[in-house]
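Secondary and tertiary structure notes
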Amino acid sequence: EAQVTQNPRYLITVTGKKLTVTCSQNMNHEYMSWYRQDPGLGLRQIYYSMNVEVTDKGDVPEGYKVSRKEKRNFPLILESPSPNQTSLYFCASSDRGRGSTEAFFGQGTRLTVV
Amino acid sequence: LAKTTQPISMDSYEGQEVNITCSHNNIATNDYITWYQQFPSQGPRFIIQGYKTKVTNEVASLFIPADRKSSTLSLPRVSLSDTAVYYCLVGSKAAGNKLTFGGGTRVLVKP
């Protein structure tokens, strides 16, 4: 089954404690990206990657890092989380080669930073 | 990426047809119109994509007039499970994952 898998689904952490949210897709997609969703602000893109070792900032990249060492994985790293990074996070992937604007989203990771 | 404007919310009843119109006055020649559906605490799900005229799939229809400055998503005979937020996005296929989501339209289907 084609899917984007994020882990963990829920995470509560303390300010300053480094964490990584993993994202993996099994569709051999070139494009992957991370979004955060906050009430009243909608979905905002954090980072995106057009292929292995190619990443770029989205609209709200401050406080986040990403890496794309393999095509299927695109982890989101919070080096020093702060309470304002409490949010619902989504990873997405799409296949530019298929000529479609369809993106596949993971189930989300609800992060709480206290 | 072209900015989109859509109603904040809409109410409907089971069995009715729901039409959501999205305005995108600054759409570019190579832009496509894409609609996503999102249930609470779940990731958005692709519904339909179109460039001009009419596109239909098993879930919805998308109507795009000749000037392409607006589009209408039509959900036939909605059920309670169609209650969700619907997003209209405009962008080129080359933009890949560079999706810009607006506020979406919250559709509430009542029994």
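This text follows the structure it describes.
Because the structure is a prediction, the values reported are computed rather than measured. (Residues numbered from 1 in each chain as written. Chains lettered and ligands numbered in written order. Predicted model: local features only at pLDDT ≥ 70, side-chain atom pairs only at ≥ 80, totals over all residues. Heavy atoms only, no water.)

1. What to know about the interface of chain A and chain B
- Taken residue by residue, the interface counts 26 residues in chain A and 21 residues in chain B.
- Carbon and sulfur atoms make up 47% of the surface buried where chain A meets chain B, a total of about 1800 Å² over both sides.
- The three residues of chain A that bury the most area against chain B are Leu43, Thr101 and Phe105 of chain A, which together make up 32% of that side's buried surface.
- Inspection of the region where chain A meets chain B yields zero salt bridges.
- For the pair chain A and chain B, the interface holds four residue pairs in polar contact (both at pLDDT 80 or more).
- Of the residues assigned to the side of chain A that touches chain B, the class counts are ten nonpolar, eleven polar and five charged. (Contact = heavy atoms within 4.5 Å. Buried area = accessible area lost by both parts, 1.4 Å probe. Salt bridge = Lys/Arg side-chain N within 4 Å of Asp/Glu carboxyl O. Polar contact = N/O pair within 3.5 Å; in protein donor to acceptor, adjacent residues only side chain to side chain. Nonpolar A, V, L, I, M, F, W, Y, C, P; charged D, E, K, R; others polar.)

2. Here's the deal with the sheet that holds strand 8 (residues 76-78) of chain A
All names here are of chain A.
- Sheet architecture is open: four strands sit in the order 1-3-8-7, paired in antiparallel fashion. Whereas interior strands pair on both sides, the edge strands pair on one side only; in this sheet they are strand 1 (4-7) and strand 7 (65-66).
- In this sheet, strand 3 (residues 19-25) lies alongside strand 1 in antiparallel orientation, the contact comprising four bridges. Bridge pairing in strand 3 places Thr5 opposite Ser24. (Pairing = 2+ DSSP bridges. Helix = DSSP H or I, 4+ residues; strand = E, 2+ residues; numbered from the N terminus.)

3. Some points on a nonpolar patch on the surface
Residues and elements named next belong to chain A.
- On the surface, Ile12, Val14 and Val114 cluster together to form a nonpolar patch covering roughly 310 Å² of accessible area.
- For Val14, the position within the fold is in the loop between strand 2 (10-13) and strand 3.
- Look at Val14 and you get partly exposed, because its relative accessible area is 44%. (Patch = residues over 30% accessible without salt bridge, like charges linked within 9 Å, V, L, I, M, F, W, Y side chains within 5 Å. Areas by Shrake-Rupley, 256 points an atom, 1.4 Å probe, with all protein chains shown as cover. Buried < 20%, exposed > 50% of the residue type's maximum accessible area, 1.4 Å probe, protein only.)

4. Description of the packing of aromatic side chains
- All chains considered together, the criterion is met by nine aromatic pairs over all chains.
- Arranged with centres 5.9 Å apart and planes meeting at 65°, the rings of Tyr64 of chain A and Tyr89 of chain A form a pair that is edge-to-face. Note that Tyr64 of chain A is positioned in the loop between strand 6 (54-57) and strand 7 and Tyr89 of chain A in strand 9 (residues 87-94), a separation of 25 residues in sequence.
- Overall, Tyr89 of chain A belongs to the buried group, its relative accessible area being 1%.
- Ring geometry for Tyr87 of chain B versus Phe101 of chain B: centroids 5.2 Å apart, planes at 90°, classification edge-to-face. Here the residue Tyr87 of chain B occupies a position in strand 8 (residues 84-92), and Phe101 of chain B occupies one in the loop between strand 8 and strand 9 (105-110), the gap between them amounting to 14 residues. (Phe/Tyr/Trp six-rings, centres within 6.5 Å; stacked < 30°, edge-to-face > 60°.)

5. A closer look at the pairing of strand 3 of chain A
Residues and elements named next belong to chain A.
- The buried fraction of strand 3 is high, at five of seven residues.
- The sheet contact formed by strand 3 and strand 8 spans three bridges and is antiparallel. What sits directly across from Val21, in strand 8, is Leu76.

6. Some details on the sheet that holds strand 8 of chain B
Residues and elements named next belong to chain B.
- Strand order in the open sheet formed by five strands is 1-9-8-3-4, and the pairing between neighbours is mixed. Only two strands of the sheet have a single partner each, and these edge strands are strand 1 (9-13) and strand 4 (45-50). Strand-to-strand, the axes of this sheet are offset by a mean angle of 25°, without reference to chain direction.
- Alignment of strand 8 against strand 9, held across three bridges, turns out to be antiparallel. Opposite Tyr86, over in strand 9, you have Thr105 as the bridge partner. (Axes fitted to C-alpha atoms, helices over the stretch in contact; angles between N-to-C directions.)

On their own, these measurements won't tell you what the molecule is for.
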